[in-house]
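Single-letter residue listing:
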Amino acid sequence: MFLGTSRAGSRGKALAGTGAVVLMLAATRWGSYIGLSSLYLTDALVALAVFGVLMAPRERAVRKPGYLRPPLLLMTFLGYVVVRMLWSGSWVLTQTWLRDGVPYLYAVLALISGAAIGRATELDRKRTMVWIWRGLVFHLLWMFMVAFFGDPARLAAPHTPFGQGIFVIRPDVDTAILGVTGGLLLRHLLMGRARGREVIGIILVIATLTHEMTRAGLIAALVCLVAAFTYAYAATHRQAMRRVGIALAVPLVLAAAVEAVPATKAGARLLGTIEPSTVTTTSQENAIGTSHARRLVWHGVIDWTLASRSRALYGVGMGTDFLAESHTLIYLEGTVYQNVRSPHDYFIGSFARLGLVGLALIVALIVRLLRQMLRHRRRIGEDELLTCCVLIVLGIVVVSSFGVVLESPFGAVPFWWASGILLVLTSMPYNEPCEGLPHVENPADPSEIAST
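The present account deals with the structure reproduced in this document.

Criteria and cut-off values
Residues numbered from 1 in each chain as written. Predicted model: local features only at pLDDT ≥ 70, side-chain atom pairs only at ≥ 80, totals over all residues. Heavy atoms only, no water. Helix = DSSP H or I, 4+ residues; strand = E, 2+ residues; numbered from the N terminus. Contact = heavy atoms within 4.5 Å. Phe/Tyr/Trp six-rings, centres within 6.5 Å; stacked < 30°, edge-to-face > 60°. Buried < 20%, exposed > 50% of the residue type's maximum accessible area, 1.4 Å probe, protein only. Axes fitted to C-alpha atoms, helices over the stretch in contact; angles between N-to-C directions. Parallel < 35°, antiparallel > 145°, perpendicular 65-115°, else oblique. Left-handed = near helix turned anticlockwise from the far one by under 90°. Nonpolar A, V, L, I, M, F, W, Y, C, P; charged D, E, K, R; others polar. Core = buried A, V, L, I, M, F, W, Y, C linked by side-chain atoms within 4.5 Å.

Quick look at the side chain of T426
Moving on, step 1. Looking at the element boundaries, T426 is found in the segment after α18 (409-423).
Moving on, step 2. Discounting residues that sit within four places of it in the chain, T426 has contacts with G66, Y67, L68, H376 and R379.

Regarding the packing of aromatic side chains
Moving on, step 1. Tallied over the entire structure, the rule returns 13 aromatic pairs.
Moving on, step 2. Judged by centre distance (6.3 Å) and plane angle (50 degrees), the ring pair of F138 and F167 falls under tilted. With a gap of 29 residues between them, F138 in helix α6 (residues 122-149) and F167 in the loop between α6 and α7 (171-190) connect regions that are remote in the sequence.
Moving on, step 3. Residues F415 and W416 carry aromatic rings whose centres are separated by 5.0 Å and whose planes lie at 80 degrees to one another, so their mutual orientation is edge-to-face. Like F415, the residue W416 is buried in the burial classification.

Some words on the packing of helix α11 (residues 265-274) against helix α12 (residues 282-306)
Moving on, step 1. α12 packs onto α11 with a crossing angle of 55 degrees between their chain directions and a minimal axis gap of 8 Å. When the interaxial angle is binned, α11 and α12 end up oblique. Crossing geometry of α11 relative to α12 is assigned as right-handed. In contact with A268, R269, G272 and T273 of α11, α12 contributes S283, Q284, A287, I288 and S291.
Moving on, step 2. Looking at side-chain class alone, the contact of α11 with α12 contains three nonpolar, five polar and one charged residues.

What to know about the nonpolar core
Moving on, step 1. Counting 97 residues, the largest nonpolar core has F77, I132, F415, W416 and W417 as the members making the most contacts within it.
Moving on, step 2. Among the elements that line this core, the one with the most residues is helix α17 (residues 384-400), at 13 residues.
Moving on, step 3. Setting aside anything within four residues of it in sequence, one finds W417 in contact with L15, A16, G17, T18, V21, L109, S113, T128, I132, L385 and C389.
Moving on, step 4. Membership of the second largest hydrophobic core comes to twelve residues, among which are V301, L329, L332 and V340.

Take a look at the structure:
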């Protein structure tokens, strides 16, 4: 079921790779450490998904209307990553080489999900969203409980498959996933599908968000909510009165946000970073210090990479500790962070590892994704799976710009899987019937979870 090869029938089967994605959405960082002796469940699920696709019976390629083959840009990026990994000198086949390169190789999930969505039926897509909802609901419940009722540190178990501790919050990515959950629930509300459980879910999301202190996570959550609002508006193009209601709600929501966001822990830290003259607490002072340290690291890594023509064009490859080489590690390591290998910015880190060539490919992929999101906004708004993919991509990109997220499986796995679905999306007239893309309202209502 998780691997996209579960039993068929009236309930459909989840898209390939869904198992790894659900695990990362449900458990994020601590879920990525489930395993023994460096054999992690996440990688096993990804490997099984790849193996399932490769070993599937040969059949004539079917491209559903509205989907194309994976873009050449994605294939080029993967090819360049493989070449750059093999061209990493004496580091090849070492543990650090593998650790630095695998997060980029997770882009293979984009190929898998892109191929799967083009062949998926309505029931397959519905089944996929049911599993995603299960992961998101589980994530929301444990985050809420930990945030308000307990310290997860006591659950650490170093000699079990949960060696990093169970239910330990990683603030940036966990808050971003809360934004995904909140955005999908908001979509239900704006499109007139909210029931009691959705309202309760929104309350839990808001309450948990106010407890977190991460600025990047807060920005990611707000971006997800704005995106969900925009896509819900686009999806109601045939409902004039509902559109008027959504438009009238905009100034009320903005006014509430202006009042509420600065009152949260993360909002106060963000406000202090933007306007230092308003700083009144130790937490805000620490936030300013963190931002200053990261700027020092970013400038140091960029200057060091540009100092060599070869590094500037192709990067240092995998295995090299460029933070130590650039003498910027001192700004990041301390009592909280140890063994840091990323400058807390995915794009700057990718520039150091892959050079201008790799960075240009990554930026081009992000631009392509943003173009897809804008170009197909009505179609995305009408489809919950596509909306979910957009929120995952946006949330993870935001927190990856300020933290170590896309360099880790809990960020890379859902990001690339969701990106693959969006990258193969292409234009299609709305008045044409499409078996592979039925315009079904609410293809995976969370209320169906209990019945499945």
